[in-house]
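Notes for the structure review
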Amino acid sequence: DVSRMVADALEQGEIPGDIWLLTNSVGQPLITPPRGKAAGSADTSTEMQRRQVSQLLRKLPGSPADREGGNRLAAARVEKTGWVFVEGLSSAALARLESAARLASEPQNYARLRRDVLLLFGYLVAAVLGAVLLVSRRITEPVHELLRAAEAIGDGRAVHVKGTKAPDELGRLAAALDRMGRRVARRVETLRRLHHLSRAGFRTTDLKEILARSSEGIGAFTRAETVIFLLHDPNTNRLEGAWPGWNVSDELAAQVKVPVDARSMAGAVFKSGEVYCSNDVEHDPYSSPELRKLFGTVNAIFAPLKTESETLGVVAAINRPGGFGREEIDAMTSFADVASLLLKNARLYATLTGTVEELRRASRLKDHFLQNVNHELRTPLTAIVGWTDLFTEEKVDEKTLTRGLAQIRQSARVLLALIDDLLDLARMDRGSLALDRKALHLPDVIQRSIDTVRMMAEGRSVSIIFVPATSPIAQIRADPLRLQQVLWNLLVNAIKFSRRHGRVVVRVEREVERYLISVEDDGIGIPTNELPHVFERFRQVDGSPTRQHAGMGIGLALARSLVELHGGTIWADSVVGKGSRFTFTLPIRTGDRRSGEQEPIRAPEEAAAAAADGQLIG
């Protein structure tokens, strides 16, 4: 009954497989519905089914299904009864199912594949876009940074470029832009300092202020420990330290004296006109031991101070930590050029100022000279005109006639002496004044000069005393007339400024190589501040129109020129209120000291006669 009930239930239901049966616990078929028989087909024997069921039972409760001989079977055991339900598909059924499943699943698989391909493509496109964006960002960001740095450099602003240590091309470009930015910043700083120096320097013409500002600008930019200007002295042909400098004392600058022709970097730069830099001064072939010792020089830059027409000197920047580079060399050249212009302008201004002062002084001297000439000419001319009028209008006695003629003669000589002095000054200026040297006896020339002014001295009650040398005086070679002219000017000057009843002393002294001739008076004296100017042309201690003493102010100037033509010197000593002493020297030449003089020497009388034949002064 149970078997029938199960069979009926299975007949009414839907069983997926085409093989179905129910066995007992040992595998004997209990129920085999007709569909199962049909499904088993003719070649399926009861023995094969039993073997398959036995295999399934052995595998229970392991694998739920097994495929044997092309069939696919599944079994389930009922625990209470021990029955086993077996269900399965034959190979033919499996083939039909696979064919149907393939037909049903092909459109779905294609749609799924298409969707998957589209999704994959979308993912790939998004990934590529993200990668491109990331890569482009990594590339463009440094490029934008470099572009901003280049714009800043173009505007002259200081920049700091990132990524200079990167090994790629952008890193190398960044490093190059960074170096360029630093150089541009230094150049801008150089131009700023040069502009400041130029504005400050062109407003002043003081040499020390120009040196101070230039040294400060060079020292601040180059960061050198010391900056000093070495200016050329054409008289000694040396480069001499100028003060003020940068970190240089006045005493240290005064010790710097470098001959141009000596071995030194400063001399080489002065002669070549090119900048010279040495970061190893100790082993430099042009190094100067003196400068190394003075400044402890380790490294240095020397730049010439050049103008269009000349080289004024050299400027040196000494001892920079780390040495000097290209930027410092270029900046030093620019600073030296500006400093050269400032120094030249200062010198031109000083020259122009001196010229203007000289012109003003010359104008004042001209006025004084005209006043003096008017006074000096009017006095003797007045005497001449007065005496001649007296002679023509009245009869005079012999004594008066003799006195008048003597006064006329004396006045004429004074006029002649004034005219000769003026002509001699003109010859001095032209360089055409020459000496007619002759062998002469110095005391005779002095005595003759005293005789020419004796009348003038007597008129002022001034006595003239001649003190010859204690040792014998040898004859010398000189121009007797010019020497007498010097003595006459000194004697006239002494008599003029002596007090009444005073005295004038003429002394001759001998030294080893020269004679000393002095003219001393006990007059009013000369102030100390006027002593350096007494030998200047047209210069008088009292230059006012109301002065008490006559003169044109050319006698002492002419005396100095004539003494210097003889190879001697002249100077003045004075004490106000006690008198003055004018001393000049005449060199004793080798020929003058020899016993056998080649040129014949006249006796004193002959020399006096020769002088009398020529021009008489006084």
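All residue numbers here refer to positions counted from 1 along the written sequence of the relevant chain. With the structure being a predicted model, the display of local features is reserved for residues of pLDDT at least 70 and the display and counting of side-chain atom pairs for 80 or more, all residues being used for whole-chain, interface and lining totals. The basis for every side-chain value is the complete set of non-hydrogen atoms in the structure, without hydrogens or water.

A few words now on the sheet that holds strand 18 (residues 579-587). One requirement defines pairing of two strands: DSSP has to find at least two bridges between them. A run of H or I in DSSP becomes a helix once it reaches four residues, and a run of E becomes a strand once it reaches two; helices and strands are each numbered from the N terminus. The five strands are arranged 13-15-16-18-17 in an open sheet whose pairing can be described as mixed. The two strands at the open ends of the sheet, each matched to only one other strand, are strand 13 (463-467) and strand 17 (570-575). With direction set aside, neighbouring strand axes in the sheet form an average angle of 15°. When strand 16 (residues 514-521) meets strand 18, the two strands line up antiparallel, connected through seven bridges. Only the stretch in contact is used when fitting a helix axis, every axis being a line fitted to C-alpha atoms; angles between N-to-C directions are given from 0 to 180 degrees.

Glancing now at the pattern of salt bridges. Salt bridges are defined by distance alone: a side-chain nitrogen of Lys or Arg within 4 Å of a carboxyl oxygen of Asp or Glu. Taken as a whole, this structure holds 13 salt bridges when the rule is applied. The residue Arg360 makes a salt bridge to Glu357 at a minimum N-O spacing of 3.3 Å. With Arg360 and Glu357 both in helix 10 (residues 326-393), this residue pair falls three residues apart, about one helical turn. Think of it in three bands: residues with accessible area under 20% of the maximum for their type are buried, residues over 50% are exposed, and the middle band is partly exposed, with areas taken using a 1.4 Å probe on protein chains only. According to the relative accessible area criterion, Arg360 is partly exposed, its value standing at 47%. Salt bridges sharing common partners tie together Asp424, Arg427 and Arg482.

The end-to-end C-alpha distance of helix 12 (residues 442-459) is 27 Å, a good match for the 26 Å that 18 residues give at a rise of 1.5 Å each. Take the seven residues that end at a residue and the seven that start at it, fit an axis to each, and the angle between those axes is the bend at that residue. Val453 marks the point of greatest bend in helix 12, at about 50°. For helix 12, the full list of buried residues reads Leu442, Pro443, Val445, Ile446, Arg448, Ser449, Ile450, Thr452, Val453 and Ala457. Where helix 12 terminates, the next one or two residues include Ser461, which has phi positive at roughly 60°. Multiply 1.5 Å by the residue count of a helix minus one, and that product is the helix's expected span.

Another point: the side chain of Thr222. Mapping Thr222 onto the fold places it in helix 6 (residues 207-222). Within the local environment of Thr222, its side chain forms a polar contact with the backbone oxygen of Ile218, the two atoms lying 2.6 Å apart. Other than its neighbours up to four places away in sequence, Thr222 contacts Ala317, Arg320, Phe324 and Glu328. Two N or O atoms count as a polar contact when they lie within 3.5 Å, although within protein this holds only if one can serve as hydrogen donor and the other as acceptor, and sequence-adjacent residues are included solely when both atoms are side-chain atoms. We call two residues in contact when some of their heavy atoms are within 4.5 Å.

Take the sheet that holds strand 7 (residues 238-246) next. One open sheet holds the six strands; their spatial order is 8-7-6-11-10-9, and the pairing between them is antiparallel. Sheet topology places strand 8 (257-259) and strand 9 (276-278) at the edges, where each strand pairs with a single neighbour. Shown here is a sheet whose adjacent strand axes are inclined to one another by a mean of 25°, direction ignored. In this structure, strand 6 (residues 226-233) lies alongside strand 11 (residues 311-318), joined through six bridges in antiparallel fashion. Bridging across to strand 11, Leu230 finds its partner in Val314. Docked against the sheet, helix 6 engages strand 6, strand 7 and strand 11, running at close to 75° with respect to strand 7. Sitting on the sheet, helix 8 (residues 265-272) is in contact with strand 6, strand 7, strand 9, strand 10 (300-306) and strand 11, with an inclination near 140° to strand 11.

Moving on, we get to the packing of aromatic side chains. The aromatic pairing rule takes the rings of Phe, Tyr and Trp, using the six-membered ring of Trp, and pairs them if the centres are within 6.5 Å, calling planes under 30 degrees apart stacked, those over 60 edge-to-face and the rest tilted. Per the counting criterion, the structure on display carries four aromatic pairs. Each ring, one from Tyr276 and one from Tyr286, has its centre 5.7 Å from the other, and the planes form 80°; the classification is edge-to-face. Residue Tyr276 is found in strand 9, and its partner Tyr286 is found in the loop between strand 9 and helix 9 (289-295); the two are separated by 10 residues along the sequence. Overall, Tyr276 belongs to the partly exposed group, its relative accessible area being 23%. Since its relative accessible area comes to 40%, Tyr286 is described here as partly exposed. For the ring pair Trp387 and Phe391, a centre distance of 5.9 Å and an interplane angle of 40° mean the geometry is tilted. With a gap of four residues between them, Trp387 and Phe391 both fall in helix 10, about one helical turn apart. You can call Phe391 partly exposed: its relative accessible area is 23%.

By themselves, these figures tell us nothing about what the structure is for.
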